[in-house]
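Residues per chain are reported as follows:
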Amino acid sequence: MKVILLFIVTYAIALSGFAKDFVTISGKVTDYDGHPIDSCAVVVSNPDFSDAYYAHSDADGHYRIDSIPRGRYAAISAMRLKEYPRAMQVPEKDMRLEFWAWNVIADHDMKLDIRYEKMELYGTTAFMEYGGRPELFIYTRPMSVTKVLQYSNFMDKTAQERETKVTIEPQYISFEVYADNEPLKIRSVQHLSLPNANGNTLNDDCYLLQTDLPSAIYKPDGQSIEIRVIGHNSQFDEHGESVYYWQPPVYDWNK
């Protein structure tokens, strides 16, 4: 009997140690009216942007990815593949771009709820002016599916990226920012006109947002803060959002 109990305890400890080495990412995928999106591919990307783990949302929009090794991943992307413009599998009115979450720090089980529609916020990054004023800076590049569709019918992908402009001009864009669901006051929005990496002579419209810091920037457990940026394109009434997992710098003053 003692041998059996010892085996059970040892097995339980081993399972506990195993569980600590892996995390689960789960959540729900919806549109901007709260309707669930089924058959949405949710993909965790390695640092080299190759696919690491994935799942599809069910009929109620729920998804779950288990047994993800603890660590840092480049991104989580989400889209219903048949609705992506280049797939050309649905009417243009039903086409959408992608949702992105960046700098995924998978050191605990995570819940990531996803909303995505016709606008994509790409490359979202957040950083703090450490030692300076109490503010957060957020970079993002918003793109419009309506603009993508203006060119996709007669240009291949390489030519489209070189010859077209699918980002959103400053007179049409507005933003909201949240840190773990806490709304952050936006102090300024700077428009950046940056050359496209593919030699595009029509510079991309990118933005640098200046916001207040969250009320608490250091969590007791050291976990990252979910910075969620929501955008609206008034020109075509498009919505989109993205997430960046921000971990404030921590310095060891004893060194």
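Read on for an overview of the structure. (Residues numbered from 1 in each chain as written. Predicted model: local features only at pLDDT ≥ 70, side-chain atom pairs only at ≥ 80, totals over all residues. Heavy atoms only, no water.)

For the rest of this paragraph, the subject is the side chain of Gln210. Checked against the element boundaries, Gln210 lands in strand S14 (residues 204-212). The buried category is assigned to Gln210, whose relative accessible area is 16%. At 2.8 Å, the side chain of Gln210 forms a polar contact with the side chain of Ser188. Filtering out sequence-adjacent residues up to four positions away, Gln210 remains in contact with Glu135, Leu136, Phe137, Lys185, Ile186, Arg187 and Ser188. (Helix = DSSP H or I, 4+ residues; strand = E, 2+ residues; numbered from the N terminus. Buried < 20%, exposed > 50% of the residue type's maximum accessible area, 1.4 Å probe, protein only. Polar contact = N/O pair within 3.5 Å; in protein donor to acceptor, adjacent residues only side chain to side chain. Contact = heavy atoms within 4.5 Å.)

Counting residues in each nonpolar core, the largest one holds 34 residues, and the members touching the most others are Leu112 and Ile114. The contact partners of Ile114, leaving out residues within four places of it in the chain, are Lys28, Val29, Thr30, Val42, Tyr63, Ala78 and Phe99. Judged by nonpolar contacts, the second largest core, of 24 residues, contains Ile168, Tyr207, Ile217 and Ile225. (Core = buried A, V, L, I, M, F, W, Y, C linked by side-chain atoms within 4.5 Å.)

Moving on, we get to the packing of aromatic side chains. The full count for this structure, using the stated rule, is eight aromatic pairs. A ring pair is formed by Phe49 and Trp100, whose centres lie 5.8 Å apart and whose planes are at 35°; its orientation type is tilted. Placement of the pair is Phe49 in the loop between strand S2 (41-45) and strand S3 (51-56) and Trp100 in strand S6 (residues 99-106), with a sequence separation of 51 residues. Looking at Trp100, the relative accessible area reads 7%, which means it is buried. Here Trp102 and Tyr122 contribute two aromatic rings whose centre-to-centre distance is 5.0 Å and whose plane-to-plane angle is 90°, an arrangement assigned as edge-to-face. Of this pair, Trp102 sits in strand S6 while Tyr122 sits in strand S9 (residues 119-128), and the two are 20 residues apart along the sequence. Members of the aromatic cluster, connected to one another through ring pairs, are Phe49, Trp100, Trp102 and Tyr122. The ring of Tyr116 has Arg96 sitting right over it, with the charged end atom 5.4 Å from the ring centre. (Phe/Tyr/Trp six-rings, centres within 6.5 Å; stacked < 30°, edge-to-face > 60°. Lys NZ or Arg CZ within 6 Å of the ring centre and 35° of its normal.)

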